[in-house]
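# Coordinate analysis (summary)
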Amino acid sequence: MAGGVISSAGFLLSLWATSLFHLYVTVGFLTGFGYSLSLITTMATIGRYFTTHRLRANSIAAIGASFVSFAFPPLFQYLMDEYTWRGALVIIGGIVLQVAGFGALERPILLKGDVTADKSSENVQKSSPQCSRFADNKINVNVTTEKYSLTKVILGKISSVIDITLLTEPRFLVFCVAVFLFGFGRFVPNIYIVPRARAFGVEEYPSAFLLSILAIGDIIGRASVGLLPEWSRFRRVDQYAMNTFLMGFITLFAPLAKTYATMAVYSGFYGLLMGGCVPLLYSAIAEIGGANRMSSALGIIMFLRGIGNLAGPPFAGWLRDITCSFDATLLEGGSCLVLAGLLPFVLHLRVFQPTEPGDKVEEHEIDGTRLSLLATEREELSTASTQGHETSVVIKETAF
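What comes next concerns the included structure.

Definitions and cut-offs
- Here, residues in each chain are numbered from 1, in the same order as that chain's written sequence.
- Reporting in this predicted model follows two pLDDT cut-offs: at least 70 for local features of residues, and 80 or more for side-chain atom pairs to be given and counted; totals over whole chains, interfaces and linings ignore these cut-offs and use all residues.
- The side-chain values count all of the structure's non-hydrogen atoms but skip hydrogen atoms and water molecules.
- Numbered from the N terminus, helices here are DSSP runs of H or I no shorter than four residues, and strands are runs of E no shorter than two.
- Burial classes follow relative accessibility: with a 1.4 Å probe on protein chains only, a residue under 20% of its type's maximum area counts as buried, one over 50% as exposed, and anything between as partly exposed.
- Throughout, a residue-residue contact means that at least one pair of heavy atoms, one from each residue, lies within 4.5 Å.
- Here, expected helix span is obtained from the residue count minus one, scaled by 1.5 Å.
- Across the chain, bend at a residue is computed as the angle between axes fitted to the seven residues ending at that point and the seven starting from it.
- Pairing of aromatic rings covers Phe, Tyr and the six-membered ring of Trp, with a centre-to-centre limit of 6.5 Å; geometry is then stacked below 30 degrees between planes, edge-to-face above 60, and tilted otherwise.
- Any Lys NZ or Arg CZ that is within 6 Å of a ring centre and within 35 degrees of that ring's normal is treated as a charge sitting over the ring.
- Among buried residues, those of type Ala, Val, Leu, Ile, Met, Phe, Trp, Tyr and Cys that are joined through side-chain atoms within 4.5 Å constitute a nonpolar core.
- Axis geometry follows a simple rule: fit a line to the C-alpha atoms, using only the stretch in contact for helices, then measure angles between N-to-C directions, giving values from 0 to 180 degrees.
- In these notes the angle categories are as follows: under 35 degrees is roughly parallel, over 145 is roughly antiparallel, 65 to 115 is roughly perpendicular, and the rest is oblique.
- Here a crossing is taken to be left-handed if its near helix is turned anticlockwise relative to the far helix by less than a right angle, and right-handed if that turn runs clockwise.
- Under the grouping applied here, Gly and all other residues not named as nonpolar or charged are polar, the nonpolar ones being Ala, Val, Leu, Ile, Met, Phe, Trp, Tyr, Cys and Pro and the charged ones Asp, Glu, Lys and Arg.
- Patch members must show over 30% relative accessible area and no salt bridge, and they are joined within 9 Å when carrying like charges or within 5 Å when they are nonpolar side chains of Val, Leu, Ile, Met, Phe, Trp or Tyr.
- Residue exposure ignores everything except the shown protein chains as possible cover, and the areas themselves are Shrake-Rupley values with a 1.4 Å probe.
- We define a salt bridge as a contact between a side-chain nitrogen of Lys or Arg and a carboxyl oxygen of Asp or Glu at a distance within 4 Å.

## A look at the environment of S7
Inspection of the secondary structure assignment puts S7 in helix α1 (residues 2–13). Taking relative accessible area as the criterion, S7 reaches 7% and is therefore assigned buried. In sequence terms S7 and L97 are 90 residues apart; their C-alpha atoms lie 7.5 Å from each other. If sequence neighbours within four positions are ignored, S7 has contacts with L30, T31, G34, Y35 and V96.

Now the structure itself:
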């Protein structure tokens, strides 16, 4: 809801824009920030709501963005012709404000992992009655300043919003690297396919239509990927990795497309695979991070993918400048995508397995949620033992 309000405010404040920098702040920063809030919370909610049909739900949710990419340009052009660009921004702001209303329909749910964490914290408080007795008797306990250092306070504030313990898990870190490489090479074909076609003598409108072919493939890919079944030995993470690998594989052969027909075929297949990657990525994040940590995992991974999206196209443009060829940009993007597709398969190695053979979990719990519950229980138990040890040490020193 907050994301919809912020995005709408960005469009409405553009009504009083007097410079290009003003539009950078309003249409660029405010609307982008609000969009990120709406997207991450919506996909995180879907990840918590659904388990067995999570990919299908992500597919339905993600397909809306593709339809908007088709409808928005002609709609905005029509609004500009009728009401000028200022009036068009106000109307678009009113449309975006409806996101807040739809956000009110989303209700948070309580997973078993959340209940386990709450019970563990209550047990920790009940397991140390000495602390409450000392508090009632107003006995001062000497506490070192190191325990409440500025670094720990900052980390505590961050951990209250984002579960930073995810960054200590090798399995999650490997997947973060893969997603960064995916973002680094993902948009290279989208940006340079039209200039490359123009360089081969294709006329302006047929060259631009290559992006339309890519967008049509994107819609079909997002809609059809939800029909993929899930196998025990080929999970959503593996499906996402294979999809990304195929994107890079066909991009490595894209320099061979020198006629309009072959360029159109490449655009269609690349759009199909790129559309399938979006729902698969959200489902893979739920498996890697766990449903009860979906918001934190999604925020971290989307942040890294955003950095890749920003850095990839300029680097590809630099390659184009020094090589004077668009083929180098396609090879660079394809190589990043191939590597991004191969890295998740490393997670099958024993060193990256999240559970030990002796762990027992209830059978009705599913996949990412099950793994995250185990991690939560271990963390809370270790925290309880550590706090109990620190309490006993402080009591002994005070008594002495």
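## With respect to helix α10 (residues 204–224)
For α10, which comprises 21 residues, the first-to-last C-alpha distance of 31 Å matches the rise-based estimate of 30 Å (1.5 Å per residue) to within 8%. Every buried residue of α10 is accounted for by S207, L210, I213, L214, G217, D218, I219, G221 and R222. Those residues of α10 hidden inside the fold are in contact with α3 (54–96), α8 (170–186), α9 (188–199) and α12 (260–289).

## Quick look at α12
Across its 30 residues, α12 extends 43 Å between first and last C-alpha, which sits within 8% of the 44 Å expected from 1.5 Å per residue. Along α12, the sharpest kink reaches roughly 25 degrees, centred on V278 and followed within four residues by the proline P279. Most of α12 is tucked away, with 23 of its 30 residues classed as buried. Phi for G290, located one or two positions after α12, is positive at around 95 degrees.

## Some thoughts on the packing of aromatic side chains
Evaluation of the coordinates by the stated rule reveals ten aromatic pairs. Arranged with centres 6.1 Å apart and planes meeting at 10 degrees, the rings of F29 and F33 form a pair that is stacked. Residue F29 and its partner F33 are located together in helix α2 (residues 20–49), separated by four residues, close to a single helical turn. Residue classification places F29 among the exposed residues on the basis of a relative accessible area of 54%. Between the aromatic rings of F184 and F315, the centroid separation amounts to 5.7 Å while the plane-to-plane angle is 50 degrees, which identifies the pairing as tilted. Taken as a pair, F184 in helix α8 and F315 in helix α13 (residues 294–323) lie far apart in primary sequence, 131 residues in all. Members of the aromatic cluster, connected to one another through ring pairs, are F180, F184, F315 and W318. Above the ring of F326, the side-chain terminus of R320 is found at 4.4 Å from the ring centroid.

## A few points about the nonpolar core
In this structure, F172, F175, Y240, M247, I285 and I301 are the most contacted members of the largest nonpolar core, which totals 52 residues. Considering every element that reaches this core, the biggest residue donor is α12, with 15 residues. Leave out the neighbours within four places in its chain, and I285 touches F175, G290, M294, A297, L298, I301 and M302. In this structure, F11, L79, I92 and V96 belong to the second largest nonpolar core, which totals seven residues.

## Section: the environment of V99
Topologically, V99 is positioned in helix α4 (residues 98–103). In sequence terms V99 and G4 are 95 residues apart; their C-alpha atoms lie 4.9 Å from each other. When residues no more than four places from it in sequence are discounted, the contact partners of V99 are G4 and S38.

## A short note on the packing of α2 against α3
Axis separation between α2 and α3 bottoms out at 12 Å; the angle between their running directions is 155 degrees. Between α2 and α3, the angle falls in the class roughly antiparallel. The crossing of α2 and α3 is right-handed. Facing L23, M43, I46 and G47 of α2, the residues of α3 in contact are R54, A57, N58, A61 and W85. Grouping the constituent residues of the contact of α2 with α3 by class yields six nonpolar, two polar and one charged.

## Observations concerning a nonpolar patch on the surface
Together, F70, I216, I220, V265, F269 and L272 line one region of the surface with nonpolar side chains, adding up to about 530 Å² of accessible area. Among the elements of the structure, α10 and α12 are those that each provide at least two residues to the nonpolar patch. For the nonpolar patch, the element with the most residues is α12, which contributes three residues. Checked against the element boundaries, V265 lands in helix α12. A residue is classified by how much of its surface remains accessible, and V265, at 47% relative accessible area, is partly exposed.

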